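The chain contents come next:
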Amino acid sequence: MKTLNSKTLKTCVMVDAENASKAIITLVACEFLKANGYDVDIIKAVADWRKPHDHQWETTISKLGIETIQSVSSRRKRNSSDIALCVQASKIIYTCPNIQALVLISSDPDFTPLVQEAKNRGMLTVGIGNKDTPLMFRSNCHVWFYTDFFENQPKKTTYKTLEEQVDAAFEMGVDRGSGLCSLPKLGQLLYRNNPEFILEEYFRSGKLSDAIISLKPKYELFTGSNGGMQVKRNTIKKPNNHE
C-alpha cells in the first residue's frame, strides 16, 4: 500500500452513488481521508436522484457539502451514471492541476481506464469498493480500501466529549506491547464507533492530528520509526489533596 507523507494532498472524491452507502461517504470520503493527509477539496456524487434513495443521503450531502450530479438513463439497462461520473472526473483530471489525488468510491471495474488516466497524469489514486471488485480495478489503484470495515458498524455509543471518544477508540486500537496506536487506525476506530462523528464539531481545523495535540498531556503524537504518526497515552497522576 502506498503511504502518505506529512504533506496533505488536494483531493477529489468521486462517488458512484448508485452503489455507495451513506456510511462510506461519511467515514471514508470525509473524516477518514482528512485524518490521513487528504485535503478533500471536491466531493461529487453521481446518481439518478429522481429514484428513491436512503433517507440519510440528504443529511450526508448537507454535512459534507457534496455536489450532486443528476444522471438520467434513456435506455433500459444502460447505466448513464458511469458515463456522467467519468465525464466529471475527467474534467477534474485535465482542468484542475492543483488536485493531487483521486478517490473513487465504486466497485465497478469499468472505471479502470479512468484510474489509469489519473495515474498517467501523476495523481495518487484511491479506490473504495466491496470484496467482489475485480482484481483489475483494485490493482490499478495505488491504495485500495474494502467497504466491509466501514459498513459493519457496531451499535452507536453516545459520548459527551472528544476526549471520551478518543479514549474509547484508543482502548480498541492500542498495541498492548508498545502502548501505541497509529493515527490512521485511531481515526478508523473513531468513525467506526460513531458513524456520525464530525471532527469539526470538536476541533475547528478538522485534522485529527491537531485534535490529539490539543489533548496534551494525556495524549502524545509523534513520528514512529516507520515514518507513520503514532499516538501514545500518558498516565496523568491526580494531585493528592492530603499532601
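Anything mentioned here points back to the structure above.
Residues numbered from 1 in each chain as written. Predicted model: local features only at pLDDT ≥ 70, side-chain atom pairs only at ≥ 80, totals over all residues. Heavy atoms only, no water.

Draft legend 1. Spatial organisation of the packing of helix H3 (residues 80–95) against helix H4 (residues 112–120). Contact geometry of H3 with H4 gives a least axis separation of 11 Å together with a crossing angle of 5°. By the criterion of interaxial angle, the relationship of H3 to H4 is roughly parallel. Contacts between H3 and H4 pair Leu-85, Cys-86, Ala-89, Ser-90, Ile-93 and Tyr-94 from the former with Leu-114, Glu-117 and Ala-118 from the latter. The class makeup of the residues in the contact of H3 with H4 is seven nonpolar, one polar and one charged. (Axes fitted to C-alpha atoms, helices over the stretch in contact; angles between N-to-C directions. Helix = DSSP H or I, 4+ residues; strand = E, 2+ residues; numbered from the N terminus. Parallel < 35°, antiparallel > 145°, perpendicular 65-115°, else oblique. Contact = heavy atoms within 4.5 Å. Nonpolar A, V, L, I, M, F, W, Y, C, P; charged D, E, K, R; others polar.)

Draft legend 2. Fine view of the pattern of salt bridges. Across all of its chains, the model carries nine salt bridges by this definition. In this structure, Arg-233 engages Asp-167 in a salt bridge whose closest nitrogen and oxygen atoms are separated by 3.9 Å. Remark: Asp-167 occurs in helix H7 (residues 162–173) and Arg-233 occurs in strand E9 (residues 229–233); sequence separation between them is 66 residues. Given the relative accessible area of 18%, Asp-167 is considered buried. Across the pair Glu-171 and Arg-233 runs a salt bridge whose closest N-O atoms are separated by 2.1 Å. Note that Glu-171 is positioned in helix H7 and Arg-233 in strand E9, a separation of 62 residues in sequence. Residue Arg-233 is classed as partly exposed on the basis of its relative accessible area of 26%. Several salt bridges converge on common partners, so that one network encompasses Glu-163, Asp-167, Glu-171, Arg-176, Lys-218 and Arg-233. (Salt bridge = Lys/Arg side-chain N within 4 Å of Asp/Glu carboxyl O. Buried < 20%, exposed > 50% of the residue type's maximum accessible area, 1.4 Å probe, protein only.)

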